[in-house]
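Structural overview
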Amino acid sequence: MITLAGGASRVDLALPRPSGTVPIRIRGGASEVSVRRPLGVAVRVIAHGGFRKLQVDGESIEATDENPIESPDYVGAVDRYELEVADGADRFVLAAEPS
């Protein structure tokens, strides 16, 4: 599990390939949050609180605890990330990139 707590101006997190389901919790608000995962790694995003811009893999989305966003392969994936973001941010971006 990865947990980031407390306010920050900018958070940039580059993730390695996961082993199993890896929960990531980002709490405490930040002006700008950027999370990069390896291309082809499944992810689920749950958001609590307000976000001016929430973007996953190049698409602006609205994710909430009632309406999480999942990559198409999330349910069947053994190795994946479960990302929960709380307390808002001005901008949150999750992207996949070649490893």
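Below you will find a few notes about this structure. Just so it is clear, the model here is predicted, and its values are computed rather than measured. (Residues numbered from 1 in each chain as written. Predicted model: local features only at pLDDT ≥ 70, side-chain atom pairs only at ≥ 80, totals over all residues. Heavy atoms only, no water.)

Re the overall build of the chain
The test is simple: Only DSSP runs of H or I reaching four residues or more are called helices, and only runs of E reaching two or more are called strands; each is numbered from the N terminus. Per-residue accessibility, obtained with a 1.4 Å probe over protein chains only, is compared with the maximum for each type, and a residue is labelled buried under 20%, exposed over 50%, and partly exposed between these values. When checking whether two residues touch, look at their non-hydrogen atoms; a contact exists if any pair is within 4.5 Å.
Tallying secondary structure elements over the chain gives 0 helices and 10 strands in all. Element order for the chain, N to C, with α for helix and β for strand: β-β-β-β-β-β-β-β-β-β. The buried share of the chain, taken over its 99 residues, is 43%. Looking at the chain alone, contacts between residues at least 24 apart form 64% of all its contacts between residues at least 6 apart.

Some thoughts on the packing of aromatic side chains
Heads up, the condition is: What counts as a ring pair is set by centres within 6.5 Å for rings of Phe, Tyr and Trp (its six-membered ring), and what kind of pair is set by the plane angle: stacked under 30 degrees, edge-to-face over 60, tilted for all other angles. For a Lys NZ or an Arg CZ to count as sitting over a ring, it must be within 6 Å of the ring centre and within 35 degrees of the ring normal.
This structure, assessed with the given rule, holds 0 aromatic pairs. Stacked on the ring of Tyr-74, the Lys or Arg Arg-80 has its end atom at 4.1 Å from the ring centre.

Some words on the sheet that holds strand β1 (residues 2-4)
Strand pairing in a sheet relies on backbone hydrogen bonds. The paired strands run either parallel or antiparallel. The test is simple: A pair of strands is labelled paired if DSSP reports no fewer than 2 bridges between them.
The 5 strands are arranged β1-β3-β9-β5-β8 in an open sheet whose pairing can be described as mixed. The sheet is open, and its two borders are formed by β1 and β8 (69-70), each paired with just one other strand. Both strand β5 (residues 42-48) and strand β9 (residues 80-86) contribute to a ladder of 7 bridges, which runs parallel. Looking at the pairing, His-48 lines up with Ala-86 of β9.

Details of the side chain of Arg-25
Under the convention used in this document: Polar contact is the term for a pair of N or O atoms within 3.5 Å; when the atoms are in protein, one must be able to donate a hydrogen and the other to accept it, and sequence-neighboring residues count only if both atoms are side-chain atoms.
Within the secondary structure layout, Arg-25 lies in strand β3 (residues 21-26). Note on Arg-25: relative accessible area 12%, which makes it buried. A distance of 3.1 Å separates the side chain of Arg-25 from the side chain of Glu-82, its partner in a polar contact. At a separation of 3.1 Å, a polar atom in the side chain of Arg-25 contacts the side chain of Glu-84.

Comments concerning the pairing of β9
Of all 7 residues in β9, 7 are buried, a share of seventy percent or more. Burial of the side chains of β9 extends over both faces: Arg-80, Glu-82, Glu-84 and Ala-86 are buried on one face and Tyr-81, Leu-83 and Val-85 on the other. Two strands pair when backbone bridges link them, and β3 and β9 are joined in this way by 6 bridges, in the parallel orientation. The partner of Val-22 across the bridge, within β9, is Tyr-81.

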